[in-house]
Amino acid sequence: MEKVFEIYIKTTPERLWEAVTDPELRAKYNFGVGVDSDWSPGSSYESVHPAAGIKIAAGENLEVEPPRRLVQSFTALWSEDVKGEGTSRVTWEIAPVGDSCQLTVTHDQLPEGANSELFGGWPMILSGLKTLLETGEELTTPGSLRYSGQESEAWSA
Amino acid sequence: MDEVFKALADPTRRSLLDELFERDGQTLSELEGRLPMTRFGVMKHLRVLEEAGLVKTRKRGREKLHFLNPVPIRLVHDRWVSKYAEPWTAALSGLKQDLEKEE
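The structure reproduced in this document is the subject of the present report. (Residues numbered from 1 in each chain as written. Chains lettered and ligands numbered in written order. Predicted model: local features only at pLDDT ≥ 70, side-chain atom pairs only at ≥ 80, totals over all residues.)

Looking at the nonpolar core
Phase 1: Ranked by internal contacts, the top residues of the largest apolar core, which has 48 residues, are Ile9, Leu16, Leu103, Leu126 and Leu129 of chain A together with Leu49 and Val55 of chain B.
Phase 2: Tallying contributions element by element places helix α4 (residues 122-135) of chain A first for this core, with 6 residues.
Phase 3: Among residues more than four places away in sequence, those in contact with leucine 126 of chain A are Phe5, Ile7, Leu103 and Val105 of chain A together with Val71 of chain B. (Core = buried A, V, L, I, M, F, W, Y, C linked by C-beta atoms within 7 Å. Buried ≥ 20, exposed ≤ 12 C-beta atoms within 10 Å, placed from the backbone. Helix = DSSP H or I, 4+ residues; strand = E, 2+ residues; numbered from the N terminus. Contact = placed C-beta atoms within 7 Å.)

With respect to the sheet that holds strand β6 (residues 100-108) of chain A
All names here are of chain A.
Phase 1: Read from one edge to the other, the open sheet built from 6 strands follows the order β1-β6-β5-β4-β3-β2, with strand pairing classed as antiparallel. Where the open sheet ends on each side, the last strands, each with one partner, are β1 (3-9) and β2 (44-48). Shown here is a sheet whose adjacent strand axes are inclined to one another by a mean of 25°, direction ignored.
Phase 2: Both strand β3 (residues 55-65) and strand β4 (residues 69-76) contribute to a ladder of 6 bridges, which runs antiparallel. Counted as the bridge partner of alanine 58 is threonine 75 from β4.
Phase 3: Against the sheet, helix α1 (residues 13-21) makes contact with β1, β4, β5 (87-97) and β6, and its axis sits at roughly 155° relative to β5, the strand it touches most. (Pairing = 2+ DSSP bridges. Axes fitted to C-alpha atoms, helices over the stretch in contact; angles between N-to-C directions.)

Topic: the packing of α1 of chain A against α4 of chain A
To describe two helices that pack against each other, one gives the angle between their axes and the distance between the axes.
Residue and element names in this part refer to chain A.
Phase 1: Packing of α1 against α4 leaves a shortest axis separation of 11 Å and a crossing angle of 130°. One finds that α1 runs oblique with respect to α4. In this structure, α1 crosses over α4, and the sense of that crossing is right-handed. On α4, the residues touching Arg15, Leu16 and Ala19 of α1 are Leu129, Leu132 and Leu133.
Phase 2: Here the residues of the contact of α1 with α4 sort into 5 nonpolar, no polar and 1 charged. (Parallel < 35°, antiparallel > 145°, perpendicular 65-115°, else oblique. Left-handed = near helix turned anticlockwise from the far one by under 90°. Nonpolar A, V, L, I, M, F, W, Y, C, P; charged D, E, K, R; others polar.)

Right under this line is the structure:
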């Protein structure tokens, strides 16, 4: 199964790449969860929720071409249910368009009928990423705050 | 964002999005077979959805597959829905949790 998510963000490819790979920036729009890696091709990465202290996801950086393309294997770890879905693949593609960037996130190699938790968060993540890069602010809709910052109950519930 | 509202304002186009939500990555022929409409009509509606960014296409060999891109709907939600509706639902789900904890 394959899922495609696309968004236009008024920023440069370099800033967008930084927002995807920098742990502190990433945590601002990614349900409070950053990502740790040295970002060399073939390296591993890991996402841990800082407040709840649980592993959210992990995988390998299969292709790393800053600031245009990042291909990662993805194993969701936030619950027993999603762990059972195995490993899928996430491809980030950044293309400059005028004064903006087109960002396409393709989440594929998902099992048929995969748990929608695996890919259901992308629209909110990308919306938050757009808000962060265009305004410097974090999304404050109740849905986006639910998993962020110190409010870790939602993850451990 | 006008294009998104315009695209969503038509029941056939909403059906097409529902079809892709059910099964992503369909060809024009598959979509045509599910709607009581000519191939040309379906193509026309798909073009409006593509222009609004709600549908993305990918070539697979000879076939063109259509994928639902839900991100613009999320942007509409964050700008136009959540401000008006979500404080209530958040408060209500919080109340539900508090009540269930007390039991």
